[in-house]
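# Survey of secondary and tertiary structure
Given next are the chains, with one letter for each unit.
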Amino acid sequence: MNSDSIRRVAVVGAGTIGLSWMALFAKAGLSVTVSDPRPDVAEVVRDSMPELAKTLGSTAEELLARVTVSNSLEEAVAEADLVQENGPERLEFKQQLFVEIASAAPAHALLTSSSSGIVATLIAEKLDDAAAARMLIAHPFNPPQLMPLVEIVPGERTVESSTLSAIEFYRELGKIPVREHKEIQGFVANRLQAVVLKEAFSLVLQGVVSVEELDTAMKASLGARWATIGPFESYHLGGGPGGIRHMFAHLGGNLTDDDSGVTEADVERLITDVESTYGAGPEAYRRLAEARDRRQLAVNQAVNN
Ligand SMILES: NC(=O)c1ccc[n+]([C@@H]2O[C@H](COP(=O)([O-])OP(=O)(O)OC[C@H]3O[C@@H](n4cnc5c(N)ncnc54)[C@H](O)[C@@H]3O)[C@@H](O)[C@H]2O)c1
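These notes cover the structure that comes with them.

## Overview of unusual backbone geometry
With an omega dihedral of -5°, the bond running from Asn 142 to Pro 143 counts as a cis peptide bond. In the Ramachandran plot, Phe 187 falls in the positive-phi region, its phi being about 55° despite a non-glycine side chain. When you line up the elements, Phe 187 lands in the loop between strand E8 (176-179) and helix H9 (189-205). Residue classification places Phe 187 among the buried residues on the basis of a relative accessible area of 0%.

## Remarks on the site of the ligand
The environment of the ligand is made up of 23 residues, and the closest members are Ile 17, Asp 36, Glu 89, Lys 94 and Ser 116. In this structure, an oxygen atom belonging to the ligand sits 3.1 Å away from a main-chain N or O atom of Thr 16. Contacts to the ligand include Lys 94, whose side-chain N or O atom sits 2.8 Å from an oxygen atom. Considered on its own, the ligand offers 830 Å² of accessible surface; in the complex 74% of this is hidden by protein. Of all elements in the fold, only helix H1 (16-27), helix H5 (91-104) and strand E6 (135-140) reach the threshold of two or more residues within the shell around the ligand. Per element, the largest residue contribution to the shell around the ligand is 3 residues, and it comes from H5.

## As for H9
Between the first and last C-alpha of H9 there are 24 Å, a value that for 17 residues agrees with the 24 Å anticipated at 1.5 Å per step. Regarding H9, the residues found buried are Ala 189, Asn 190 and Ala 200. Buried residues of H9, seen end-on, are gathered within an arc of 80° and therefore sit on one face of the element. The outward face of H9, more than 90 degrees from its buried face, is lined by the exposed residues Leu 192, Val 195 and Lys 198. Contacts made by the buried residues of H9 are with E6, strand E7 (149-154) and helix H10 (211-226).

## Points about the nonpolar core
Grouped together as the largest cluster of nonpolar side chains are 35 residues, with contacts concentrated most on Met 22, Phe 25, Val 34, Phe 169 and Tyr 170. Elements that contribute at least two residues to this core include exactly strand E1 (8-12), H1, strand E2 (31-35), helix H2 (41-55), helix H3 (60-64), E6, E7 and helix H8 (160-172). Beyond its immediate stretch of four places on either side in the chain, Phe 25 contacts Val 9, Val 11, Leu 30, Val 32, Gln 84, Phe 169 and Leu 173. Ranked by size, the runner-up nonpolar core spans 26 residues in total, among them Ile 101, Ala 124, Ala 131 and Phe 187.

About the criteria used
Residues numbered from 1 in each chain as written. Predicted model: local features only at pLDDT ≥ 70, side-chain atom pairs only at ≥ 80, totals over all residues. Heavy atoms only, no water. Helix = DSSP H or I, 4+ residues; strand = E, 2+ residues; numbered from the N terminus. Buried < 20%, exposed > 50% of the residue type's maximum accessible area, 1.4 Å probe, protein only. Near = heavy atom within 4 Å. Polar contact = N/O pair within 3.5 Å; in protein donor to acceptor, adjacent residues only side chain to side chain. Areas by Shrake-Rupley, 256 points an atom, 1.4 Å probe, with all protein chains shown as cover. Expected span 1.5 Å × (residues − 1). Arc of directions from axis to C-beta. Contact = heavy atoms within 4.5 Å. Core = buried A, V, L, I, M, F, W, Y, C linked by side-chain atoms within 4.5 Å.

Here you go:
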């Protein structure tokens, strides 16, 4: 399925994530059907739209004109080119829901799940090969209508053309798709978040800082930084013109000291990867630092408004 031919999208599950996707798809000019068994789904769709539309520079009237609330799941997906599933995060539930989706959706439809952590191979377990070939994870960050990332994670039976179409589709929506090469519970962004949250809980419970102080410290440091450069580029720049190699030589010892299982050979592999990704030496440092500073200034100005 070519992403250009995705014109009709079904949003299955109209909670926090489904409603946000719905608004974004409508803003992109797609025809959107929505399905959710809650009896007040039509009101929920209507009432949520003004705020969502405002964040997208649109109006509720304009976006609602492209949205149809369906009476059943079968009706919602019957003509869909892509189904975005946003139901409760339970394996057995999603497995059954995808059986129903696959039996009612057209044979060409891409079948995606917003799941925060359950891998596509498990969700697709009860599907035949033809349906599993079109099923994959498209995990957004909340709120999906604003946050750029969509993690694209195919399952063992997903065919490459489905993955490529999904990447193209979300990119054309203005998202930043990141394709992941192995399935792992929680995917990447939530696994990173989980590590940070664990430490945040501990620091507050130990009385080191209050909840508010911790949030302030994060926003004023790693939060602001990570909007401009990721952890690897940041570590590379932290080493000055000597880059990550210098950083590991002086500060990185504790990475291999503990029981993390990271060996000296692993460290050398990381250093080589970073140097080949970003360049090394004084000229690369100057170029990277200049780009970082420009973006950091823009972020500082934007969040201080
Ligand atoms: N909330 C987040 O921050 C976040 C971020 C990214 C991804 N996700 C994922 O998105 C999915 C939805 O999460 P949420 O936070 O929007 O949950 P939610 O509880 O707000 O919404 C779930 C919706 O699914 C509906 N539902 C129940 N059974 C259904 C069925 N048979 N068919 C269709 N809809 C049905 C419910 O009525 C409800 O409206 C989950 O898989 C979650 O892991 C959540």
